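# An overview of the molecular structure
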Amino acid sequence: MDIIMPVLAGVIGIVAGFLIDRWLVAKEQKTTGQSTEGILKSAREEAETIRKEAKLAAKEELVHLREEFDKSTTERRRELQHREKQIDDKEHNLERKMDLIQTRLDDVAKRDERLTEMERRLRARDTELDELIRKEVMQLEAIASLTRDQARVQLMQRLEEELANERGTLVRRHVEELKQKCDREAQRILVQAMQRYAGECAYDRTTTTVPLPSDEMKGRIIGREGRNIRVFEAITGVNVLIDDTPSAVVISCFEPVRREVARLSLERLVADGRIHPTRVEEIVAKAQQDIESETIKAGEEACHVLQIGSVAPEIVKVLGRLRYRYSFSQNVLQHSMEVASFMSMIAAQLKLDIGTAKRMGLFHDIGKALDHDLEGTHALIGMEFLKRFGERDEVINGVGCHHDEVPALTPLAALVSVCDALSASRPGARSETTEIYIKRLEQLEAIAASFPGVENCYAVQAGREVRVIVEPDEINENAAFRLSRDIANRIEGEMQYPGQIKVCVIRETRSVEYAK
């Protein structure tokens, strides 16, 4: 307050002086003609009035400043009191926590003392137990007349013998279980593949019957002195059988492509009505061109149905020729497509390359379209043909090894022979005449009976198995194994058959005694 009053008085003096100066200047401008005394009197009165107003304003400002000071002081005092209370509460909480910590420290110290005492007792007990065990071991060694090391060696030897026997039993059991599991899985995969595929049944196709509008057409086919039929048979390479069958002639040929050309040519000649040697040559040439186009179309359709990738045009053309080829009355192109389907199904089950599997199956018998022109087996011919036109090595190996003429280098290559047998042995896939069937069974039994020591042999399961009964005095167990292998090798080398043939050698020993 001592500082504020002088400041306030100075401020009032400055304001009063400023106001007086302004009033004097204004007064001089307004009252130029008044006297000096009047002006001074008026100025004093007005200055007094201004001073009084300034003093009142200063007092009001002083009161306002004092009120603001008191208010700020009161708020500060309240804030200090609140903080002091908070500090007191924190000190109280700290004291309470220190008491709890001290209590827990006392409990930990007591527990430590108890644990130390228990550890001392346990050590003393361990010492007593070690001494007792040492005495017991000495007594046992004295009773058994064996030291500890000698007893350990004997126990280990006995344990090793027991474990060796048990290990052999477990290994043999696991091998048998694994073999049974593999056999069941293989059977499941093969059966599933066969069940998923439904193909047509095969029938003998060595002749073709061509219908005629009338029996008069037979004479026109024969021609004057038989020249028409001779030219037709010479160009097509077939036999035309004209008998008493009404309104029909029969074309006979074991080569299906030539038979198909002859059938198409004869149907066109009959429809045209003009039958003479020159016309026969023209029609047969046109039919050959049409059949060649059909073969290309058949190859392309097979690749499209199986979704085979890019194939060389030469391979497609030769593949289509299989449409007119038959093996044991089974269409070779249809058989190849079946094998490709089986290959893709089984490859999918075994997590192998499906695209490569299809190519192997479709091309595996492509050599049958060329075997009448080249020397060698159809597997090797097909392998060389595919190699010449840039087919992949793994596909070439699969084609060449499906009759075990070259070794299989991949699992897919080994699978081709399996799927080939599946397609060939499928019910209705192939048909045989009775004479061929009986001849094969007789040859099978004759091969088995030709070995020394064989007592009897029987072909069973439609020639799929041959059972050989041997003399037990002449053939022992090892010789029976060799005999089965030798018979199988003879059958593979001398016979032609679809699928596989099981050779079962039976050796029986009988002991006979009479009670008198």
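Structural data are supplied above this passage.
So, here's what we can say about the structure. (Residues numbered from 1 in each chain as written. Predicted model: local features only at pLDDT ≥ 70, side-chain atom pairs only at ≥ 80, totals over all residues. Heavy atoms only, no water.)

### Here we look at the sheet that holds strand β6 (residues 454-460)
With mixed pairing, three strands are arranged side by side in an open sheet as β6-β7-β8. A single partner strand is all that each edge strand has here, and the edge strands are β6 and β8 (502-507). Neighbouring strand axes in the sheet, compared pairwise and without regard to direction, differ in orientation by 20 degrees on average. Where strand β7 (residues 465-470) and β8 come together, six bridges link them in parallel fashion. Bridged to valine 466 within β8 is valine 503. (Pairing = 2+ DSSP bridges. Helix = DSSP H or I, 4+ residues; strand = E, 2+ residues; numbered from the N terminus. Axes fitted to C-alpha atoms, helices over the stretch in contact; angles between N-to-C directions.)

### Points about the packing of helix α5 (residues 227-236) against helix α7 (residues 277-305)
Remark: α5 packs on α7, axes separated minimally by 9 Å, with the N-to-C direction vectors making an angle of 25 degrees. One element, α5, and the other, α7, form an angle in the roughly parallel class. Helix-helix and strand crossings are classified by hand; for α5 and α7 the assignment is right-handed. Where α5 approaches α7, its residues Arg227, Asn228, Val231, Phe232, Ile235 and Thr236 are matched on the opposing element by Pro277, Val280, Glu281 and Val284. Of the residues assigned to the contact of α5 with α7, the class counts are six nonpolar, two polar and two charged. (Parallel < 35°, antiparallel > 145°, perpendicular 65-115°, else oblique. Left-handed = near helix turned anticlockwise from the far one by under 90°. Contact = heavy atoms within 4.5 Å. Nonpolar A, V, L, I, M, F, W, Y, C, P; charged D, E, K, R; others polar.)

### Details of the environment of alanine 262
With respect to the helices and strands, the residue alanine 262 is situated in helix α6 (residues 256-272). The exposure class assigned to alanine 262 is buried, which follows from its relative accessible area of 0%. As for alanine 262 and alanine 287, which are separated by 25 residues in sequence, their C-alpha atoms are 8.1 Å apart. Discounting chain neighbours no more than four positions away, the residues touching alanine 262 are Phe232, Thr236, Val238 and Ile251. (Buried < 20%, exposed > 50% of the residue type's maximum accessible area, 1.4 Å probe, protein only.)

### Here we look at empty space enclosed by the protein
Inspection of the entire model under this criterion finds one cavity of 30 Å³ or more. What the largest cavity holds in volume is close to 70 Å³. Looking at the largest cavity, the residues that line it are Ile221, Asn228, Ile229, Phe232, Val240, Leu266, Leu269, Ile275 and Val280. Elements supplying a minimum of two residues to the lining of the largest cavity: α5 and α6. Examining the composition of the lining of the largest cavity, we find that three residues originate from one element, α5, more than from any other. Its residues assigned to classes, the lining of the largest cavity comprises eight nonpolar, one polar and no charged. (1 Å grid on protein atoms, 1.4 Å probe; cavity = no way out; pocket = protein on both sides within 12 Å on 5 of 7 lines; lining within 4 Å. Points joined across faces, edges and corners; volume = space filled by probe spheres on them.)

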